[in-house]
Amino acid sequence: MKKYGLPLLLIAFALFIFGVENVHAAQCSDQYYNPWMTQGWATDKVGPKVSLKTSAASCYGSDTQVWFSGFQSLPPNYPNGSGWIYVNLYEDDPDGNADEHVKEYIGYITNRVITTFTLNYTYTPGIIDSSGDQYCELYCTFGISGNQGQYMEKNIFLYKMCML
Amino acid sequence: MKNKIKNISIAIVVIAVICAVALVGNRVNASADENAKAKQDNKFFQKSVYDDKDDGWVYAFEIVYFDSGDENIYMFDGYNLKYKELDGYYVPIIDKETGEIIDKVKPNYITQSISEAYREDIKNIVEFFNKKQFNDKITVKDLEGLEFKVVSKEYLVDIFNRTISSKLMTEPGEYFDDYFVSRVNVDSTDKAMKGEWQISYILNYGHLYDVNIEFIDESGRYLSDVAKSKSATAKDLELFAQVEVLEKAMVEKQTLAIDLAKSSIKLDSKTGSDITKLLNNLASEVK
């Protein structure tokens, strides 16, 4: 028994780790730059739509994630002591049905640099697609505070959407 | 006949009134359009003071004045052009509901507004000045109610007063639409010099204020530190001197795109090639 003890223990440990990793493995989109954004309150600029598979029986809003990286500063033509970037995550529904508003993220700007990003609210933590459908189609919309009607055309940050 | 004349007269009066209303309306709309366009163009002017501090730090105070007459905007922060990253400087991704920091992201800039120690100070200073809208020199007494550690109150008053007394800038520079502060890194291809090259810059109203080029060796030592150390070799000193010539040339010529081959800067072929790649990568990022 002692002879098989360590290998069995190692196998059990490997299975445990594999199991844990499998349960929590997320499927993620590619990284995208923000699209150019409308300044003011509109959050109508839309990023690419991706189909992601959940490891759960159905797609839940609470299992979605948006990860941010690659922050750049804003240009001198954006003179704001403080500002906000809005990123809203949606699940796409067929035409005729309203898309599910899943989550809202807010990036806070001080002196033309993003200083914090916040998961501000989860609108739909529950099922966001048909029950039993493990594939959900996610996309984000974007907006930035500032001079209404003007645009922010620079690549300010990267983001990717994930589904647990 | 009388009725006919009467009808014609009435018609003329009605047409005249319609035309008059249309003309006045057009002038009002044109005026409103011009105002909207002025705001849309977001034309603004700026006063600013930039102070060079030790170890790659630049402190800047900016006051933005809008052509449209909107409230001024006041900005104050510290920017580091030397380091690739510093402990305690990151952008947190926070779950608002739980307060948990989900992630800490190292951005392409190092500012006091993203430091663990001073982010709240900078935020409070900016909010305070934007609320007060000071239009003249101030004293420390005017900062009553504002507490911070990032700089001394005397220094903040001093840099603000120098800013408000400075010349108004009305012509933006060539880089007005580019990243206000940024950094690019490329790996060295010289096997005898393992590490990476780095270039950082900061703008002032779209004009290049400062450029900093560093070589970071595989041990994490910065060229500017090596050059000041007792162990600096003649090669280190020469390289540092040439890099300084390049930095100054970029600011003097107000360009991030310098053709090394056409300049007087003397670098060996591998270093020259790496720095050319660094400058090309920066150029593709800004334009």
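Residues numbered from 1 in each chain as written. Chains lettered and ligands numbered in written order. Predicted model: local features only at pLDDT ≥ 70, side-chain atom pairs only at ≥ 80, totals over all residues. Heavy atoms only, no water.

Q: Quick question: what am I supposed to make of the side chain of Ser188 of chain B here?
A: Residue and element names in this part refer to chain B. Secondary-structure assignment places Ser188 in the loop between strand E6 (181–187) and strand E7 (195–204). Classification of Ser188 as buried rests on a relative accessible area of 15%. A polar side-chain atom of Ser188 sits 3.1 Å from the main-chain amide nitrogen of Asp190. A polar atom in the side chain of Ser188 sits 2.7 Å from the backbone oxygen of Met193. Not counting residues within four places of it along the chain, the set of residues in contact with Ser188 comprises Met193, Gly195, Glu196, Trp197, Phe215 and Asp274. (Helix = DSSP H or I, 4+ residues; strand = E, 2+ residues; numbered from the N terminus. Buried < 20%, exposed > 50% of the residue type's maximum accessible area, 1.4 Å probe, protein only. Polar contact = N/O pair within 3.5 Å; in protein donor to acceptor, adjacent residues only side chain to side chain. Contact = heavy atoms within 4.5 Å.)

Q: So what exactly am I meant to see when it comes to unusual backbone geometry here?
A: Glycine aside, the phi torsion of most residues is negative, and most peptide linkages are trans. Residues and elements named next belong to chain B. Even without being glycine, Asp55 reaches a positive phi, approximately 60°. Here Asp55 is to be found in the loop between strand E1 (44–52) and strand E2 (57–66). Not every positive phi belongs to a glycine, and Gln254 is a case in point at roughly 55°. Note that Gln254 resides in the loop between helix H5 (234–253) and helix H6 (269–286).

Q: Explain the pairing of strand E10 (residues 135–144) of chain A here, please?
A: Two faces belong to every sheet, and in a regular strand the side chains alternate between them. Residue and element names in this part refer to chain A. The buried fraction of E10 is high, at eight of 10 residues. In terms of strand pairing, strand E5 (residues 50–53) meets E10 through four bridges, oriented antiparallel. When the sheet's bridge partners are listed, Lys53 is paired in E10 with Tyr135. (Pairing = 2+ DSSP bridges.)

Q: Help me understand the interface of chain B and chain A, please; the structure alone is not making it clear to me.
A: Interface extent is often summarised as the accessible area lost during association of the parts. Contacts between chain B and chain A engage 47 residues on the former and 31 residues on the latter. Around 3100 Å² of area is buried between chain B and chain A when both sides are counted, 55% of it from carbon and sulfur atoms. It is Met75, Tyr109 and Tyr179 of chain B in chain B that bury the most area against chain A; as a group they hold 19% of the surface buried on that side. Run the count over chain B and chain A and you get two salt bridges. Notably, a salt bridge pairs Arg112 of chain A with Glu62 of chain B, separated by 2.9 Å at the nearest N-O pair. Applying the counting criterion to the chain B and chain A interface returns 21 residue pairs in polar contact (both at pLDDT 80 or more). The element best represented in the side of chain B that touches chain A is strand E3 (residues 73–80) of chain B, accounting for six residues. Of the residues assigned to the side of chain B that touches chain A, the class counts are 27 nonpolar, nine polar and 11 charged. Relative to strand E4 (residues 91–95) of chain B, strand E9 (residues 113–122) of chain A runs parallel, the two being bridged by three bridges. (Buried area = accessible area lost by both parts, 1.4 Å probe. Salt bridge = Lys/Arg side-chain N within 4 Å of Asp/Glu carboxyl O. Nonpolar A, V, L, I, M, F, W, Y, C, P; charged D, E, K, R; others polar.)

Q: How should I be thinking about the layout of surface pockets in this particular structure?
A: Once rolled over the atoms, a probe with the size of a water molecule shows which space is left empty. Residues and elements named next belong to chain B. Considered as a void within the structure, the largest pocket measures approximately 540 Å³ in volume. Along the wall of the largest pocket there are 21 residues; nearest its centre are Asp210, Val211, Asn212, Glu244 and Glu247. For the lining of the largest pocket, the secondary-structure elements that each account for two or more residues are E2, strand E8 (207–217), helix H4 (223–228) and H5. In terms of residues, the lining of the largest pocket owes the most to one element, E8, which gives six residues. (1 Å grid on protein atoms, 1.4 Å probe; cavity = no way out; pocket = protein on both sides within 12 Å on 5 of 7 lines; lining within 4 Å. Points joined across faces, edges and corners; volume = space filled by probe spheres on them.)

Q: Please clarify how the state of the cysteines should be interpreted in this entry.
A: Linking two cysteines covalently through their sulfur atoms gives a disulfide. Residues and elements named next belong to chain A. A complete count under the given rule lists one disulfide over all chains for this structure. The disulfide that involves Cys28 links it to Cys162, with 1.9 Å between the sulfurs. Sign of the S-S torsion, about 110° for the bond between Cys28 and Cys162, identifies this disulfide as right-handed. Residue Cys28 is located in strand E1 (residues 27–28), and its partner Cys162 is located in strand E12 (residues 158–163); the two are separated by 134 residues in the primary sequence. No disulfide involves Cys59; its sulfur sits 3.0 Å from the nearest other cysteine sulfur, which is in Cys136. The cysteine Cys140 is free of any disulfide, with Cys162 supplying the nearest cysteine sulfur at 11 Å. Under the relative-accessibility criterion, Cys140 is labelled buried at 0%. (Disulfide = S-S within 2.5 Å.)

Q: Explanation requested: the sheet that holds E6 of chain B in the structure shown.
A: Residues and elements named next belong to chain B. Taken in spatial order, the three strands make up an open sheet running E6-E7-E8, and their pairing is antiparallel. The sheet terminates laterally at E6 and E8, the two strands that pair on one side only. With direction set aside, neighbouring strand axes in the sheet form an average angle of 15°. The pairing of E6 with E7 spans seven bridges and is antiparallel. Along E7, the bridge assignment pairs Val181 with Ile202. Sitting on the sheet, H5 is in contact with E7 and E8, with an inclination near 160° to E8. (Axes fitted to C-alpha atoms, helices over the stretch in contact; angles between N-to-C directions.)

Q: How should the nonpolar core be read in this particular structure?
A: Soluble, globular proteins show a tendency: their nonpolar side chains are buried together. Residues Phe157 of chain A together with Phe129 of chain B are the most contacted members of the largest nonpolar core, which totals 106 residues. Considering each element in turn, this core owes the most residues, seven residues, to E2 of chain B. Sequence-distant contacts of Phe157 of chain A, defined by excluding residues within four places in its chain, comprise Tyr32, Tyr33, Asn34, Met37, Phe68, Ser69, Gly70, Phe71, Ile85, Val87, Ile114 and Phe142 of chain A. In terms of nonpolar packing, the next biggest core, distinct from the first, is built from eight residues, Phe45, Val64, Phe66 and Ile73 of chain B among them. (Core = buried A, V, L, I, M, F, W, Y, C linked by side-chain atoms within 4.5 Å.)

Such coordinate-based values are descriptive only and should not be taken to indicate function.
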